[in-house]
Amino acid sequence: MEEAQSRTETMVAAQPAKPSERTPKAALKHAHGSYGEGDLTNLDAVAAGIQVCRRCDLWRHATQGVPGLGPAKAVLMIVGEQPGDQEDLQGVPFVGPAGQLLDRAMAEAGAPRDRVFVTNAVKHFKHEPRGKRRLHKTPDRGEVQACRWWLDAERRLVRPKVILALGATAVQAVFGKALPIGKTRGQPLALDGGEQALVSWHPSFMLRIPDRDAKDRAYAELVADLRQAWKLAE
Ligand code: URA
């Protein structure tokens, strides 16, 4: 499990993609110029900013940006990696297969989804075409760094007591560095913003584990981590 995780970490640590030189200058100016930190006074402004974001190139092949969703003053924030195919089409985080698994785990953990702010490290769907399908591609470190602007804005506005980072990309975005999930999970860590942070496995990673026992173990750990996060936050 840790091995698969570290493969993901290697991908996250890969060199950032070079921004395309074809990005229209006006769009760049709009995205950077009209949304200074001071303009992001509420989550609607953040959601609007994400729709015109040109901080990296991922907007080009995405249907839309997917902002976080949940109460404006949620005590717990869950951070995933990036929208998947369904999230990209619906504009809502965690509604596809990984979202269904997360919903089930949250219900088992007693963490009500409607009281939790659920978001992603990266707001646009990174993928490559494979026939008629769009296959998920892990965002690189440059894309994660570019999108921290939006995650940090969500953190500033929601001010959650606890942040639970799911998977290597979320860990990179929340902590600004890679951490081994298997060794770090279960231990609350203090963040500079004053929040407590926990880490756990990403539900999509769990869906890909072929071994039944390993899958069940990872799922049980996710439930335990959600339970701990909700207890700390309440
Ligand atoms: N995986 C994520 O990390 N986020 C989503 O919203 C969906 C799948």
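Higher on the page you've got the structure.
Keep in mind that this is a model prediction, so the values were computed, not measured.

What counts, and where the lines are drawn
- Every chain begins its residue count from 1, and numbering advances along the sequence as written.
- Reporting in this predicted model follows two pLDDT cut-offs: at least 70 for local features of residues, and 80 or more for side-chain atom pairs to be given and counted; totals over whole chains, interfaces and linings ignore these cut-offs and use all residues.
- Hydrogen atoms and water are omitted, and side-chain values are computed over all heavy atoms in the structure.
- Put simply, DSSP marks the helices as runs of H or I at least four residues long and the strands as runs of E at least two long, and each gets a number from the N terminus on.
- Exposure classes here rest on a 1.4 Å probe applied to the protein chains alone. A residue is buried below 20% of its type maximum, exposed above 50%, and partly exposed in between.
- Contact between two residues is taken to exist if any of their heavy atoms lie within 4.5 Å; hydrogens are not considered.
- We get accessible surface area from the Shrake-Rupley algorithm with a probe of 1.4 Å; when it comes to residues, only the shown protein chains can shield them.
- Two strands make a pair as long as DSSP finds a minimum of two bridges between them.
- When the centres of two rings from Phe, Tyr and Trp lie within 6.5 Å, Trp using its six-membered ring, the rings pair. Their planes under 30 degrees apart give stacked, over 60 give edge-to-face, and anything left gives tilted.
- The criterion for a charge sitting over a ring is simple: Lys NZ or Arg CZ within 6 Å of the ring centre, and within 35 degrees of the ring normal.
- Buried Ala, Val, Leu, Ile, Met, Phe, Trp, Tyr and Cys residues form a nonpolar core when they are joined through side-chain atoms within 4.5 Å.
- Our working definition of a disulfide is a cysteine sulfur pair at a distance within 2.5 Å.
- Proximity is defined per residue: if any heavy atom of the residue lies within 4 Å of a molecule or strand, that residue is considered near it.
- Here a polar contact is taken to be a pair of N or O atoms separated by no more than 3.5 Å, where protein atoms must pair a possible hydrogen donor with a possible acceptor and residues adjacent in sequence count only if both atoms sit in side chains.
- Salt bridges are defined by distance alone: a side-chain nitrogen of Lys or Arg within 4 Å of a carboxyl oxygen of Asp or Glu.

A. Quick look at the overall build of the protein chain. Helix and strand counts for the protein chain stand at 10 helices and 7 strands. Burial statistics for the protein chain: of 234 residues in total, 49% are counted as buried. Long-range contacts, defined here as pairs at least 24 residues apart, represent 75% of the contacts in the protein chain between residues at least 6 apart. When the accessible surface of the protein chain is split by element, carbon and sulfur atoms take 52% of a total near 11400 Å².

B. Looking closely at the sheet that holds strand S5 (residues 162–166). Ordered in space as S2-S1-S5-S7-S6, the 5 strands form an open sheet in which the pairing is mixed. The sheet is open, and its two borders are formed by strand S2 (116–120) and strand S6 (189–190), each paired with just one other strand. Both strand S1 (residues 76–80) and S5 contribute to a ladder of 4 bridges, which runs parallel. Across the sheet, the residue bridging to Val79 is Ala165, located in S5.

C. Highlighting the packing of aromatic side chains. Inspection of the entire model under this criterion finds 2 aromatic pairs. A centroid spacing of 5.5 Å and a plane angle of 40° characterise the contact between Trp201 and Phe205, whose relative ring orientation is tilted. On the basis of relative accessibility, which here comes to 2%, the residue Trp201 falls in the buried class. Here the basic side chain of Arg54 rests over the ring of Trp59, its NZ or CZ set 3.6 Å away from the ring centre. Directly above the ring of Tyr219 sits Arg104, whose terminal nitrogen or CZ lies 4.7 Å from the centroid.

D. Layout of unusual backbone geometry. Phi at Phe94 is positive, roughly 50°, even though this residue is not glycine. You can see Phe94 is positioned in the loop between helix H4 (85–90) and helix H5 (97–109). We note that Arg159 has phi near 50°; this positive angle belongs to a residue other than glycine. Counting through the fold element by element, Arg159 comes out in the loop between helix H6 (141–158) and S5. Note on Arg159: relative accessible area 66%, which makes it exposed.

E. Main features of the nonpolar core. Of all hydrophobic cores here, the largest spans 62 residues; its most connected members are Leu76, Ile78, Val79, Leu164, Val174, Phe175 and Leu226. Examining the composition of this core, we find that 9 residues originate from one element, helix H10 (residues 212–233), more than from any other. Residues contacting Val174, with those up to four places away along its chain left out, are Val79, Leu151, Arg155, Ile163, Ala165 and Leu191.

F. Representation of the state of the cysteines. If you walk through the whole model with that rule in mind, you get 0 disulfides. The thiol of Cys56 is not disulfide-bonded; the next cysteine sulfur, from Cys147, is found 6.4 Å away. In this model Cys147 remains outside any disulfide bridge; the closest cysteine sulfur is found in Cys53, 6.1 Å from its own.

G. Fine view of the site of the ligand. All residues adjacent to the ligand are Gly80, Glu81, Gln82, Pro83, Gly84, Glu87, Pro93, Phe94, Ala98, Asn120 and His202. One of the backbone N or O atoms of Glu81 is found 2.7 Å from an oxygen atom in the ligand. Within the backbone of Phe94, an N or O atom sits 2.8 Å from an oxygen atom of the ligand. Bound to the protein, the ligand loses 95% of the 230 Å² it would expose on its own.

H. Region of the structure containing the environment of Ala111. Inspection of the secondary structure assignment puts Ala111 in the loop between H5 and S2. Sequence separation of Ala111 and Ala229 is 118 residues, and the distance between their C-alpha atoms is 8.6 Å. Apart from the residues lying within four places of it in its own chain, the contact partners of Ala111 are Met106 and Trp230.

I. A look at the pattern of salt bridges. The full count for this structure, using the stated rule, is 11 salt bridges. Two residues, Arg130 and Glu128, come together in a salt bridge whose shortest N-O distance is 3.4 Å. Classification of Arg130 as partly exposed rests on a relative accessible area of 48%. Ionic pairing is found between Arg212 and Asp216, a salt bridge with its closest N-O pair at 3.1 Å. On the criterion of helical spacing, the pair formed by Arg212 and Asp216 is a turn pair, its members being 4 residues apart in helix H10. Among the charged side chains, a salt-bridge network with shared partners connects Asp85, Asp88 and Arg134.

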